[in-house]
Amino acid sequence: MEATGITGWAEKNSFKYYLVPSTCCSSEWIQAASCRYDLERFGCVEVLSPEEAELLIIQGFVNEAMAGELKETYSKMPHPKKVLALGACASQGGSFFEKGVSAHELFPVDVWAAGCPPRPEAIMNAILVLQKGSHK
Ligand code: SF4
């Protein structure tokens, strides 16, 4: 059940996120999280455990060997939980298409940030889409 009032507003506009980084998308993610773009302005704070996270960010290439671990990570997250697939690889296998696994094959994805790699603006837009609830 979703909280209402000020608690609901705070929950809707802030995310504790758990990041699964893998490959070259990291360079743009670092830009988005650093002081120039500063994702913390949008209430995004990284946590180091999926049990504390509301948002799972899959960044870059996912292969079959990683799939089981990622599903377990997702299952550890409390409800309500959201998933952001960041970049062409996480979204549809990307440049490594024959070996890559799309995040939506493992669990429901709420929003995608397009690009190879996605620009920080695309990452920020995906966060805003989640906050506005326009992904539903
Ligand atoms: S989407 Fe592009 S930049 Fe991101 S991990 Fe895949 S190949 Fe690298």
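Everything that follows concerns the structure shown earlier in this document.
Quick caveat, the model's predicted, so the values are computed rather than measured.

Observations regarding the environment of cysteine 24
Locating cysteine 24 in the fold gives a position in the loop between strand E1 (15–21) and helix H2 (26–33). With a relative accessible area of 61%, cysteine 24 lands in the exposed category. Residues cysteine 24 and glutamate 40, 16 residues apart in the sequence, show an inter-C-alpha distance of 22 Å.

As for the pairing of strand E3 (residues 55–59)
Of all 5 residues that make up E3, 5 are buried, and the element is covered over most of its length. Side chains Leu55, Ile57 and Gln59 project from E3 onto one buried face, and the interleaved Leu56 and Ile58 project onto a second face that is buried too. One ladder, built from 5 bridges, connects E1 with E3; its direction is parallel. Directly across from valine 20, in E3, lies its bridge partner isoleucine 58. Summarising the sheet, E3 and strand E4 (residues 82–86) pair through 5 bridges and their orientation is parallel. Directly across from leucine 55, in E4, lies its bridge partner lysine 82. Remark: the E3/helix H3 (residues 64–76)/E4 crossover connection has right-handed handedness.

Things to note about the site of the ligand
Near the ligand the following residues occur: Thr23, Cys24, Cys25, Gly60, Phe61, Ala88, Cys89, Ser95, Gly115, Cys116 and Pro117. A per-class count over the shell around the ligand returns 7 nonpolar, 4 polar and no charged.

Examining the packing of aromatic side chains
Taken as a whole, this structure holds 2 aromatic pairs when the rule is applied. The interplanar angle of 80 degrees and the centroid separation of 5.5 Å between the aromatic rings of tyrosine 17 and tryptophan 29 together place this pair among those described as edge-to-face. On the criterion of sequence distance, the pair formed by tyrosine 17 in strand E1 and tryptophan 29 in helix H2 is long-range, its members being 12 residues apart. The exposure class assigned to tryptophan 29 is buried, which follows from its relative accessible area of 6%. Aromatic pair tyrosine 74 and phenylalanine 107: ring centres 4.7 Å apart, planes at 25 degrees, arrangement stacked. Of the two residues, tyrosine 74 is situated in helix H3 and phenylalanine 107 in the loop between helix H4 (87–92) and strand E5 (111–113); the sequence distance between them amounts to 33 residues. Relative accessible area serves as the criterion here: at 17%, tyrosine 74 is assigned to the buried category. According to the relative accessible area criterion, phenylalanine 107 is buried, its value standing at 4%. Residue placement shows lysine 81 over the ring face of tyrosine 74; its charged tip is 4.2 Å from the ring centre.

Calculation rules
- Residues numbered from 1 in each chain as written.
- Predicted model: local features only at pLDDT ≥ 70, side-chain atom pairs only at ≥ 80, totals over all residues.
- Heavy atoms only, no water.
- Helix = DSSP H or I, 4+ residues; strand = E, 2+ residues; numbered from the N terminus.
- Buried < 20%, exposed > 50% of the residue type's maximum accessible area, 1.4 Å probe, protein only.
- Pairing = 2+ DSSP bridges.
- Right-handed = clockwise from strand over helix to strand, strands pointing away.
- Near = heavy atom within 4 Å.
- Nonpolar A, V, L, I, M, F, W, Y, C, P; charged D, E, K, R; others polar.
- Phe/Tyr/Trp six-rings, centres within 6.5 Å; stacked < 30°, edge-to-face > 60°.
- Lys NZ or Arg CZ within 6 Å of the ring centre and 35° of its normal.

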